[in-house]
Amino acid sequence: MDTNRVEGTAGRNEHGAVECPVIEIDNGSGFCFGVTTAIRKAEEELAMGKTLYCLGDIVHNSMEVARLHAHGLVTIDHGQLAQLQGVKVLLRAHGEPPETYETARKNHIEIIDATCPVVLALQRRIKQQFDSNPHAQIVIFGKNGHAEVLGLVGQTHSEAIVVECVDDVKRLDFERDIYLYSQTTKSLDEFHRIIDYIQQHISPSANFRSFDTICRQVANRMPNIADFASRHDLILFVSGRKSSNGKVLFNECKSVNANSHQIERAEEIDMEWVRGVKTIGVCGATSTPKWLMEECRDHILDRLK
């Protein structure tokens, strides 16, 4: 039997007829490569019984963070990092600015670097561009304050300009050179709208170059999750509400299936949503563990017995 596609049993509607919704978990949802690597590194360290600190939540999913906390992972912020000496600290997939590494060096902190290779490559590209032309505008399409974006901006001594949407682009100086990059988990469509706007307004005397730095493992999930959402009567999108990637993917689900609900955990499922539906699709973000999607499926099945 396909473990990702399960029929419920013993649920009855108001007429007494047995309802057996089919529940399918999206095979394409779940942790991306970068998050998987970060969690594996954390688990390996924790298995040795040693104290391990993580700078920020290891993943934007409170349930997975709680699971690792139960195994001994300690989440800290940058202020706490500055007070530590001679410990091990894991840097999550989002990456960090150069200042974090300098703090670790001064405080004799051993860094376990789980920065996603895609993010790391992007950091290097931005640093190289900034160093070669510090007077140009380095523009990053991303979410202000997001951990990955802070790491990217840090490569430019905090001079990069962050834009979250096309409206933000209006404040750029179109008489100066512009080099546009993107946070790895942003929407490809919005990125192209920003490119179009800049191309329409850039001065003939200025250079403009854009670099599509959106992770394809993430971008490819957009059409896949849209197809998945279109095949079901009800969509349960399991994701931490702080997840930038989760917001993008949930909006994609909602655009093709109005009967889509974002939840963080099984207890948030309203069984009224399930009434009368024949198929339920359970999917999630790149920060959503597979076990949590399975838990949501089982929560429904237990209540239909």
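Data block above holds the structure.
Computed from a predicted structure; not experimentally measured.

Caption draft 1: A look at the overall build of the chain. A count of helical and extended segments in the chain gives 13 helices and 15 strands. Here the C-alpha coordinates of the chain stretch approximately 70 × 55 × 30 Å along the principal axes. Looking at the chain as a whole, 54% of its 305 residues qualify as buried. Counted over contacts in the chain with a minimum sequence separation of 6, partners at least 24 positions apart contribute 70%.

Caption draft 2: Focus on the environment of valine 74. In this fold, valine 74 is placed in strand β6 (residues 73-76). The exposure class of valine 74 is partly exposed, given its relative accessible area of 33%. In the structure, valine 74 is positioned 103 residues away from aspartate 177 in sequence and 43 Å away in space, judged by C-alpha atoms. What valine 74 contacts, discounting residues up to four positions off in sequence, is Leu52, Tyr53 and Cys54.

Caption draft 3: Region of the structure containing the pairing of strand β5 (residues 52-55). Residues of β5 alternate between two faces, with Leu52 and Cys54 on one and Tyr53 and Leu55 on the opposite face, all of them buried. The parallel pair β5 and β6, bridged by helix α2 (residues 62-70), forms a crossover whose chirality is right-handed. As judged from the 2 bridges shared by β5 and strand β7 (residues 88-91), these two strands associate in the parallel manner. The residue of β7 that forms the bridge with cysteine 54 is leucine 90.

Caption draft 4: Structural context of the pattern of salt bridges. The full count for this structure, using the stated rule, is 17 salt bridges. Of the charged contacts in the structure, one is a salt bridge between aspartate 57 and lysine 242, with a shortest N-O distance of 3.0 Å. With aspartate 57 in the loop between β5 and α2 and lysine 242 in the loop between β13 (234-238) and α11 (244-256), the pair connects residues that are 185 residues apart, well separated along the chain. For aspartate 57, a relative accessible area of 23% puts it in the partly exposed group. Its relative accessible area of 53% is what places lysine 242 among the exposed residues. Across the salt bridge formed by arginine 193 and glutamate 190, the nearest N and O atoms sit 2.8 Å from each other. Of the two residues, arginine 193 and glutamate 190 are both situated in helix α8 (residues 188-201); the distance of 3 residues between them amounts to about one turn of the helix. What makes arginine 193 partly exposed here is its relative accessible area of 44%.

Caption draft 5: Broad picture of the packing of helix α10 (residues 221-230) against α11. Direction vectors running N to C along α10 and α11 enclose 40°, while the axes themselves pass 8 Å from each other. Judged on the interaxial angle alone, α11 and α10 are oblique. Pair α10 / α11 crosses with right-handed handedness. Contact residues: Arg221, Met222, Ile225, Ala226, Ala229 and Ser230 in α10; Val248, Leu249, Glu252, Cys253 and Val256 in α11.

Caption draft 6: Quick look at the side chain of glutamine 123. By the element assignment, glutamine 123 lies in helix α5 (residues 117-132). The contact partners of glutamine 123, leaving out residues within four places of it in the chain, are Gly95, Glu96, Gly151, Leu152 and Gln155.

Caption draft 7: Quick peek at the packing of aromatic side chains. Inspection of every chain in the model, using the stated rule, returns 4 aromatic pairs. Between phenylalanine 174 and tyrosine 197, the ring centres sit 6.2 Å apart and the planes meet at 55°, which makes this aromatic pair tilted. With phenylalanine 174 in the loop between α7 (166-169) and β11 (178-182) and tyrosine 197 in helix α8, this residue pair connects regions lying 23 residues apart in the sequence. On the accessibility criterion, phenylalanine 174 (13% relative accessible area) is buried. Between tyrosine 181 and phenylalanine 211, the ring centres sit 4.7 Å apart and the planes meet at 15°, which makes this aromatic pair stacked. Of this pair, tyrosine 181 sits in strand β11 while phenylalanine 211 is found in the loop between β12 (208-210) and α9 (216-219), placing the two residues 30 residues apart along the sequence.

Cut-offs and rules
- Residues numbered from 1 in each chain as written.
- Predicted model: local features only at pLDDT ≥ 70, side-chain atom pairs only at ≥ 80, totals over all residues.
- Heavy atoms only, no water.
- Helix = DSSP H or I, 4+ residues; strand = E, 2+ residues; numbered from the N terminus.
- Buried < 20%, exposed > 50% of the residue type's maximum accessible area, 1.4 Å probe, protein only.
- Contact = heavy atoms within 4.5 Å.
- Right-handed = clockwise from strand over helix to strand, strands pointing away.
- Pairing = 2+ DSSP bridges.
- Salt bridge = Lys/Arg side-chain N within 4 Å of Asp/Glu carboxyl O.
- Axes fitted to C-alpha atoms, helices over the stretch in contact; angles between N-to-C directions.
- Parallel < 35°, antiparallel > 145°, perpendicular 65-115°, else oblique.
- Left-handed = near helix turned anticlockwise from the far one by under 90°.
- Phe/Tyr/Trp six-rings, centres within 6.5 Å; stacked < 30°, edge-to-face > 60°.

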